[in-house]
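Spelled out from the first residue to the last, the chains are:
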There are 2 protein chains.
Amino acid sequence: MKIGLLGGTGIEGKGIALRFAAAGAEVVVGSRSEERARAASEECNAALGRAQVRGLRNLEMLAWSDLVFLTVPSQHAMEAVKAHRNDIPSGKVLVDVTVPLRFDKGRPTYLEAEEGSNSESIARLLPATVPVVGAFKTIPAHLLAELESPLECDLFVCGDDPEAKEKVMRAGSMIPTLRPVDAGPLSSARTLERMTVLAIHLNRHYKKKGARYKIVGLD
Amino acid sequence: MKIGLLGGTGIEGKGIALRFAAAGAEVVVGSRSEERARAASEECNAALGRAQVRGLRNLEMLAWSDLVFLTVPSQHAMEAVKAHRNDIPSGKVLVDVTVPLRFDKGRPTYLEAEEGSNSESIARLLPATVPVVGAFKTIPAHLLAELESPLECDLFVCGDDPEAKEKVMRAGSMIPTLRPVDAGPLSSARTLERMTVLAIHLNRHYKKKGARYKIVGLD
């Protein structure tokens, strides 16, 4: 499974790159700048203790990957997708991990949009040949980046293309103690994005950092 | 703690009545009809093996209770609150457990409203002297009604009145293996109501009945 990260030089990209690389997947960090992509990949390899993550410019990463994770900060998500809408070869899957939120004095607020979730807005920007899957939204980025911390939670995966969703779930199942869960259609991202804001609220209220979700009663 | 149920003769009311009564709380099932209230309370007492739940007309239940749980079917919630808006003595807390959803061929859909969540709409109907708290939304009603099944999940409690929220959390902590969690302001009901729809989807997809939530990383 070839995992690419579109705008993968931030904490979210690093976390996802590290978890997949540690699980044995081939990973490429993409960036507008080849230099920044390389620097981020070297940081990952230092944490992994082996050279397994590569850095490429976004265009080359897009051509290489099977699954492309959109890991730019959420306020740049639309812009990044618009910039690359014609560069993503058909058959690739775009995995949207972004959550549109705002902080007011540390308090998180979900940025509600009439059109629905961020994932749905992104899907409308892309040609039908590039299915969008929402995933990893509810898992704290900094926790993903701490390889020594077990995740022990659920990976909610939503999307309207069953095959694309299945691919992302299969990829997610490589990561130890993470359980992929089929969260239904892409519109479920409306729920998942809000759940992230709730988790951040819980972290703040209970002075924790890694609040995340596990469904009871599925076994 | 005096627990009352407004329109408590359905499965949701029965489940909440049973869990609180089993935990030692005083419980009154309210209904428009005294006869139906009594029948529902007798059903609860039969399940409990002792006479601990009483049935009263809604008006008398409202005068007696500390916490009033709104347990009518969600499509009747507004109507029930409107009918009793002037009958709830100040200082009582209304606990909204309803989730507005629709089923299309078994598929659950959340009924989005511009005004936000059901809990927020209900709060706007009531005088400021009766705070509204959202809780128990994500816990399956039929599971609450099966006293022999441990809940082993979180009770998300949201509201804008800290004292009222605290009262509901304290009440919830009486129920074994249920962990009350402060889910923030009443607007968090937008998240919690959608989480219920997601849990119903998961039940349907995985052929289960009791999907519910537990936050990892709070201990």
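Our subject is the structure listed above.
Computed from a prediction, not measured in an experiment: that's the story for all the values here.

Undergrad: Is there a simple way to explain the overall build of chain A in this structure?
TA: If you tally the helices and strands in chain A, you get eight helices and eleven strands. Each of the 219 residues in chain A was classed as buried or not, and the buried ones make up 59%. Working note: accessible area of chain A is about 9200 Å², and carbon and sulfur atoms make up 50% of it.

Undergrad: What's the story with the relation of the copies chain A and chain B in this structure? I'm lost.
TA: The two chain copies are connected by a rotation around an axis plus a translation along it. In the superposition of chain A on chain B (RMSD 0.0 Å, axial shift 0.0 Å), the rotation amounts to 180°. On this basis, the relationship between the two copies can be described by a two-fold rotation axis. Nearest to the rotation axis, the C-alpha of K214 of chain A is located 2.7 Å from it, this being the minimum over chain A. Looking at the interface residues of chain A, 97% of them are also at the interface in chain B, so both copies use one shared face.

Undergrad: Teacher, can you tell me more about the interface of chain A and chain B here?
TA: Interface extent is often summarised as the accessible area lost during association of the parts. Contacts between the two partners involve 32 residues from chain A and, on the opposite side, 31 residues from chain B. Together chain A and chain B conceal approximately 2700 Å² of surface at their shared face, both sides included; 64% is due to carbon and sulfur atoms. Put simply, chain A and chain B have two salt bridges between them. The salt bridge partner of R190 of chain B is E112 of chain A, with a shortest N-O separation of 3.0 Å. Connecting chain A to chain B are 15 residue pairs in polar contact (both at pLDDT 80 or more). Among the secondary structure elements, those contributing two or more residues to the side of chain A that touches chain B are β10 (178–182), α8 (189–206) and β11 (212–216) of chain A. Top element by residues in the side of chain A that touches chain B is α8 of chain A. It accounts for ten residues.

Undergrad: How should I be thinking about helix α1 (residues 11–22) of chain B in this particular structure?
TA: Along an α-helix, a turn takes 3.6 residues, which lines up residues three or four apart on a common side. Residue and element names in this part refer to chain B. For α1, with twelve residues, the first-to-last C-alpha span of 16 Å sits near the 16 Å given by 1.5 Å per residue. Most of α1 sits out of view: nine of its twelve residues are buried. By the burial criterion, the buried members of α1 are E12, G13, G15, I16, A17, L18, R19, F20 and A21.

Undergrad: Would you explain the sheet that holds strand β10 (residues 178–182) of chain B in this entry?
TA: Sheets are built from strands that pair by backbone hydrogen bonding, the pairs being arranged parallel or antiparallel. All names here are of chain B. If you trace the eight strands from one edge of the open sheet to the other, you get β3-β2-β1-β4-β5-β8-β9-β10, paired in mixed fashion. In this open sheet, the two strands that pair with only one neighbour each are β3 (53–57) and β10. Averaged over all neighbouring strand pairs, the angle between strand axes comes to 30°, with direction disregarded. Pairing geometry for strand β9 (residues 153–159) and β10, over five bridges, is parallel. Bridged to L155 within β10 is P180.

Undergrad: Can you walk me through the pattern of salt bridges in this structure?
TA: Two side chains of opposite charge can pair, provided their charged atoms sit close to one another. The tally for this structure, following the rule as stated, stands at 24 salt bridges over all chains. In this structure, E112 of chain A engages R194 of chain A in a salt bridge whose closest nitrogen and oxygen atoms are separated by 3.5 Å. You can see E112 of chain A sitting in the loop between β7 (107–110) and α5 (118–125) and its partner R194 of chain A sitting in helix α8, a full 82 residues away along the chain. In this structure, R57 of chain B and E60 of chain B form a salt bridge, with 3.6 Å as the shortest nitrogen-oxygen distance. Its relative accessible area of 36% is what places R57 of chain B among the partly exposed residues.

Undergrad: Just checking my understanding: could you explain the pairing of strand β6 (residues 101–104) of chain B for this structure?
TA: The two faces of a sheet get side chains in turn, since along a regular strand they alternate between them. All names here are of chain B. Two elements, β6 and strand β7 (residues 107–110), share four bridges in a ladder whose sense is antiparallel. Paired with D104 across the strands is R107, a residue of β7. Hairpin connection between β6 and β7: a loop of two residues separates the two successive antiparallel strands, and K105 in this loop has a positive phi of roughly 50°.

Undergrad: Help me understand the sheet that holds strand β5 (residues 93–96) of chain A, please; the structure alone is not making it clear to me.
TA: Read from one edge of the open sheet, eight strands run β3-β2-β1-β4-β5-β8-β9-β10 (chain A), paired in mixed fashion. Edge positions in the open sheet fall to β3 (53–57) and β10 of chain A, since each of these has one partner strand only. Neighbour to neighbour, the strand axes of the sheet diverge by 30° on average, direction disregarded. One ladder, built from four bridges, connects strand β1 (residues 2–6) of chain A with strand β2 (residues 26–31) of chain A; its direction is parallel. In the sheet register, K2 of chain A faces β2 of chain A, and the bridge partner there is E26 of chain A. Most of the contacts of helix α2 (residues 34–48) of chain A go to β3 of chain A, to which it runs at about 170°, and overall it touches β2 and β3 of chain A. Contacting β9 (153–159) and β10 of chain A, helix α8 (residues 189–206) of chain B runs over the sheet at an angle of about 90° to β10 of chain A.

Cut-off values and rules
- Along each chain, residue indices are assigned from 1 in the same order as the chain's sequence is written.
- To read the labels, note that chains go from A and ligands from 1, taken in the order they are written.
- Restriction of local features to residues with pLDDT of at least 70 applies here, the model being predicted, together with a cutoff of 80 or more for giving and counting side-chain atom pairs; totals for whole chains, interfaces and linings are based on all residues.
- Remark: hydrogens and water are excluded; side-chain values derive from all non-hydrogen atoms of the structure.
- Starting at the N terminus, helices and strands are each numbered in turn, a helix being any DSSP run of H or I of at least four residues and a strand any DSSP run of E of at least two.
- Accessibility here uses a 1.4 Å probe with only protein chains present; expressed as a share of the type maximum, an area under 20% marks a residue as buried, one over 50% as exposed, and anything in between as partly exposed.
- The accessible surface values rely on the Shrake-Rupley method and a 1.4 Å probe; as for residues, cover is taken only from the protein chains in view.
- Superposition of the copies used a least-squares fit over C-alpha atoms from residues whose pLDDT is at least 70 in both.
- Any two residues whose heavy atoms approach within 4.5 Å are treated as being in contact.
- Buried surface area refers to the total accessible area, computed with a probe of radius 1.4 Å, that the two partners give up upon joining, counted for both partners together.
- Should a side-chain nitrogen of Lys or Arg be within 4 Å of a carboxyl oxygen of Asp or Glu, the pair is scored as a salt bridge.
- In protein, a polar contact means a hydrogen-donor-capable atom and an acceptor-capable atom, both N or O and within 3.5 Å, with residues adjacent in sequence counting only if both atoms are side-chain atoms; elsewhere, any N or O pair within 3.5 Å suffices.
- Working rule for helices: expected span equals 1.5 Å times residues minus one.
- By the convention used here, strands pair only if DSSP detects at least 2 bridges between them.
- A fitted line through C-alpha atoms serves as each axis, taken over the contacting stretch for helices, and the angle formed by two N-to-C directions is quoted from 0 to 180°.

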